[in-house]
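# Architecture and fold: a report
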Amino acid sequence: GMHEGKISFSPDGKEFLINVSTQRGQLLVEPKGVFGKGYTFHAQVKNGFWTEPKEFLNNSDHRISYPFYSPDGQRLFFNSRGPKSDTSYHPQIGIWYIEREGEGWGSTHEIAFGDAYQGRPGVYPSIASNGNLYFAVFPDRINGVLHVCKYENGQYSVPERLSEVINEVGGNHPYIAPDESYILYDSDLKDPVASTDIYISFRAENGDWKKPRKLGDGVNTGYDERRPHISFDGKYMFFASDRINPEMPDRPMTITQLQRSALVRANSQQHLYWVDAKVIDEMRMP
């Protein structure tokens, strides 16, 4: 009965974090979507079975969203407005991270981009193996622009806007390949009245980004598809969609149950789907 917006798996595939939210008729900052209170749930494999998902760091001072494991699994990046115990006003969401400490997690750290950066904070962090941080910025609160913040000598550089080749179609919810060979993201900028679709751009041999291409019918539909994520073993692609649910129970149903299962409202209720990540390899072909 909840909206499922994003899933992130640990590098060893034995943990996942998932964003869910309840519907309350309240508009979010991000384009399209009527959501209510949001939660982040965590599950892990124990004794060969997945545990029941429970609220992640429910005793934490933070409310987190859009979690992303670093490729080495030692850091978890996320968006937050800061500690709830801090009574100062937090008008904007920032990017934070926590580090593993044994079986748990340590204290939180906010990433400061420095005084030289005058843009808005980043949304939806995605981390490459070399530590480079990719995210979206919403200068007009509607259309995203993709940026990268390079990780050098243990410090994050001033964020740089990615090339216009990529940002020509706008950029929301990026996923960067660990080796930075491609980037996935979603956008509706090409046709704002149509659905949101997932795009991919590959990096050329000279380091430039190639013209983005829309993923095929195996992923995109006439509904909204967003928030792509590839498992660290490179086998699976996960994404959120508000498409009508094709899976129907094999038992008698009431009219109310039928409506709930089949009539998913566009731009509202989103669920997670997965496909074989060979769709990425297919896009490499001319």
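The following refers to the structure shown. On a predicted model such as this, the values are computed, not experimentally measured, just so you know. (Residues numbered from 1 in each chain as written. Predicted model: local features only at pLDDT ≥ 70, side-chain atom pairs only at ≥ 80, totals over all residues. Heavy atoms only, no water.)

## Topic: the pairing of strand E12 (residues 123–127)
Note on strand geometry: in a regular strand, side chains alternate between the two faces of the sheet. For E12, a buried count of four out of five residues is recorded, marking the element as mostly surrounded by other parts of the structure. Looking at chain direction, E12 and strand E13 (residues 133–137) are connected through three bridges and run antiparallel. Bridge pairing in E13 places Ser126 opposite Tyr134. Following E12, the chain reverses through five residues before pairing antiparallel with E13; Gly131 in that reversal takes a positive phi of roughly 95°. (Buried < 20%, exposed > 50% of the residue type's maximum accessible area, 1.4 Å probe, protein only. Helix = DSSP H or I, 4+ residues; strand = E, 2+ residues; numbered from the N terminus. Pairing = 2+ DSSP bridges.)

## What to know about unusual backbone geometry
Although it is not a glycine, Tyr124 sits at a positive phi angle of roughly 70°. Counting through the fold element by element, Tyr124 comes out in strand E12. Looking at Tyr124, the relative accessible area reads 1%, which means it is buried.

## A closer look at the pattern of salt bridges
Evaluated as defined, the whole model comprises seven salt bridges. For Glu168, the salt bridge identified is with Lys211, shortest N-O distance 3.6 Å. With Glu168 in the loop between helix H1 (164–167) and strand E18 (172–176) and Lys211 in the loop between strand E20 (197–202) and strand E21 (213–214), this pair connects stretches of sequence that are 43 residues apart. Across the salt bridge formed by Asp197 and Lys214, the nearest N and O atoms sit 3.2 Å from each other. Separated by 17 residues along the polypeptide, Asp197 in strand E20 and Lys214 in strand E21 bring together distant segments of the chain. Overall, the relative accessible area of 7% leaves Asp197 in the buried class. Residue Lys214 is classed as partly exposed on the basis of its relative accessible area of 42%. (Salt bridge = Lys/Arg side-chain N within 4 Å of Asp/Glu carboxyl O.)

## Here we look at the sheet that holds E18
An order of E18-E19-E20-E21 is seen for the four strands of this open sheet, with the pairing classed as antiparallel. One side of each edge strand has no neighbouring strand; the edge strands of this open sheet are E18 and E21. Looking at chain direction, E18 and strand E19 (residues 182–187) are connected through three bridges and run antiparallel. Looking at the pairing, Ile176 lines up with Ile183 of E19.

## Overview of the packing of aromatic side chains
Taken as a whole, this structure holds 16 aromatic pairs when the rule is applied. The interplanar angle of 35° and the centroid separation of 4.9 Å between the aromatic rings of Phe9 and Phe238 together place this pair among those described as tilted. Within this pair, whereas Phe9 is found in strand E1 (residues 3–9), its partner Phe238 is found in strand E23 (residues 236–241), the two being separated by 229 residues in sequence. Across the pair, Phe238 and Phe9 agree in class, each one buried. A centroid spacing of 6.4 Å and a plane angle of 80° characterise the contact between Phe56 and Trp105, whose relative ring orientation is edge-to-face. In this pair, Phe56 is assigned in the loop between strand E7 (54–55) and strand E8 (65–69) and Trp105 in strand E11 (residues 104–110), connecting sequence segments 49 residues apart. Taking the relative accessible area as the measure of exposure, Phe56 reaches 11% and is therefore buried. Taking the relative accessible area as the measure of exposure, Trp105 reaches 17% and is therefore buried. Taken together, the ring pairs connect Phe9, Phe16, Trp50 and Phe238 into an aromatic cluster. The aromatic ring of Tyr124 is capped on one face by Lys6, whose charged end is 4.2 Å from the ring centroid. (Phe/Tyr/Trp six-rings, centres within 6.5 Å; stacked < 30°, edge-to-face > 60°. Lys NZ or Arg CZ within 6 Å of the ring centre and 35° of its normal.)

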